[in-house]
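# Survey of secondary and tertiary structure
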Amino acid sequence: MANDDLGRTLRRLRRLASLTQEELADRSDVSVDVIRQLEQGRKHSARLPTLHALANGLGVELTTLLGDPPAVSSGENDGPRFVAMRRAVMPVLWGPEPAPPAADFSLDRLREQIADGWTQYHSAEFDTVMKALPDQISDARTATASVDEGDRKAGFAVLAKALQLAGHVAVRMGKTDLALTSLERAIGAAGQSGDPLLVPMIVNSVAWTYQRQGRLDDALSIALRAATDIAHMGRTDTADGLKVWGALTMSAATSAARSGDYERAAAMMETAEKEAARVSKLPEAGDNRMVSVFSPSSVRIERVRLAVQYAHPQDALDLAKGMRLSKDTPPSWRTWLLLDVARAHTDIGDASGAVKTLESLRRVAPTWMQHHTLAVAIVRDLWSLPNHPPGLASLAEFLGVRA
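Notes on the structure in this doc start here. All values reported here derive from a predicted model rather than from experimental measurement. (Residues numbered from 1 in each chain as written. Predicted model: local features only at pLDDT ≥ 70, side-chain atom pairs only at ≥ 80, totals over all residues. Heavy atoms only, no water.)

### Re a nonpolar patch on the surface
This is how the line gets drawn: Patch building starts from residues that exceed 30% relative accessible area and form no salt bridge, then joins like charges within 9 Å and nonpolar side chains (Val, Leu, Ile, Met, Phe, Trp, Tyr) within 5 Å. The Shrake-Rupley method, run with a 1.4 Å probe, gives the accessible areas here. Residue values count only the displayed protein chains as cover. Think of a salt bridge as a Lys or Arg side-chain nitrogen and an Asp or Glu carboxyl oxygen that are within 4 Å of each other. Here a helix means four or more residues in a row that DSSP labels H or I, a strand means two or more in a row labelled E, and each is numbered from the N terminus.
A cluster of nonpolar side chains, namely Val92, Leu93 and Trp94, defines an oily patch on the protein surface of about 470 Å² accessible area. Positionally, Val92 belongs in the loop between α6 (80-89) and α7 (107-122).

### Remarks on helix α21 (residues 392-399)
Basically, it comes down to this: Relative accessibility decides the category of a residue: with a 1.4 Å probe and only protein chains considered, values under 20% of the type maximum give buried, values over 50% give exposed, and everything between is partly exposed. Arc definition: directions from the helix axis to the C-beta atoms.
Within α21, burial applies to Leu392, Leu395, Ala396 and Leu399. The buried residues of α21 occupy one face: seen down the axis, they fall within an arc of 100 degrees. Once α21 ends, the next one or two residues include Gly400, with phi positive near 75 degrees.

### Notes on the nonpolar core
Short version of the rule: We call a set of buried residues a nonpolar core when its members are Ala, Val, Leu, Ile, Met, Phe, Trp, Tyr or Cys and they connect through side-chain atoms within 4.5 Å of each other. Contact definition: two residues touch when any of their heavy atoms are within 4.5 Å.
Formed by 133 residues in total, the largest nonpolar core has its most connected members in Leu65, Ile137 and Leu358. Among the elements that line this core, the one with the most residues is helix α9 (residues 149-172), at 13 residues. Once you skip the residues sitting within four places of it in the chain, Leu65 turns out to touch Leu6, Thr9, Leu10, Leu13, Leu51, Leu54, Ala55 and Leu58.

### Brief notes about the pattern of salt bridges
Summed over the entire model, instances satisfying the criterion amount to 14 salt bridges. For Arg305, the salt bridge goes to Asp340, with nearest N and O atoms at 3.6 Å. Within this pair, whereas Arg305 is found in helix α15 (residues 296-309), its partner Asp340 is found in helix α17 (residues 331-347), the two being separated by 35 residues in sequence. Here Arg305 and Asp340 have matching classes, each one buried.

### Structural notes on unusual backbone geometry
Unusually for a residue other than glycine, Ser18 sits at a positive phi of about 55 degrees. Locating Ser18 in the fold gives a position in the loop between α1 (6-16) and α2 (21-28). Look at Asp29: it is not a glycine, yet its phi comes out positive at around 60 degrees. With respect to the helices and strands, Asp29 occurs in the loop between α2 and α3 (32-39). Judged by relative accessible area, which is 74%, Asp29 ranks as exposed.

### What to know about α7
As a reminder, the rule being used: Expected helix span is given by 1.5 Å per residue-to-residue step, counting one fewer step than there are residues.
Its 16 residues place the ends of α7 23 Å apart at the C-alpha level, agreeing with the 22 Å of an ideal helix rising 1.5 Å per residue. Of the positions making up α7, those classed as buried are Leu107, Leu110, Ile114, Ala115, Gly117, Trp118, Tyr121 and His122. Here the buried residues of α7 occupy an arc of 145 degrees about the axis, which is enough to place them on one side. Looking at the buried positions of α7, the neighbouring elements they touch are α8 (126-143), α9, α11 (198-212), α17 and α19 (366-370). Just downstream of α7, Ala124 is the residue with a positive phi angle, here 65 degrees.

None of the figures reported here should be taken as evidence of function without further support.
In structure tokens form, the structure reads like this:
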């Protein structure tokens, strides 16, 4: 459960940031006595505003501070599906080179399977994705051994997207080092595909993983560099190119905000919002399931997230009020929006509003809810209040908060 090792995690992140307890107290505006009690195990949890402040002071996501979500099993030993995925991402040393595909091999069918995998990922069907990925990665490696150059490049493109998907699943399972290995190999495959958008698309995934590790400067620099390269190459005159540029720009804005440079982040988001209006007017070249998420809806969702993360909960609620999401907004983004709205309600003391929002999330995306530590943190925070609004007990039981 979230917060079980809060003190240990807090101490580790503070030391990684080269901060004393007093320096962290100054940065986060949290009492040094509270920090000491948490790190020494004399205090096992904290209210959500305190956790927000500590995460901001450390320059990390709240989920990094809280640890793995309830639906994620932690520990050194992986289950059989994760072992299979590791073997697919990192083939055995001195193993055989991939053989050319058989006559009945269909690259189009494999591409469709991987595109479906991305849809399943955004619906939090992680077990389904993990079951299929090892064979898909293996089949994609086979495609890279094709005799025909065009088929070979297409095989590298499919391999890159499969490895990128493996990286995203690994992040969701709390295994960021495996994620980076998979993403680095995805970039290598993308470089041989001939698709100029694939490498920057995967760079954005690397930037997200760096954010999860608290490497905000690294995340900011690579996202900005990749976005600048796309613009300089004139790739933003198509919908796909603009989506990749926009996703990178939003990622850079998030890293800047988490580093405390809110003005720079706001400027980036303003630019992104203006450009997002062009997406629907430009020609599309690829499968939406295989391209970065960027639209007016995604920009607004990210603005809500930044507002609630940086102590402007009412602004977040105002931004979210009456928001109409485009039909291509993935379920995962809808989930993040509902979580941030629930978090904003909690921050302004509206426990009933927070519970109603979480009940909506449970109805539309129960699996996603169980994979988000933030949901547990909100429910735990509400559970500590003297008066429990209707519906909270059911949510607490669903997430194991009362265990």
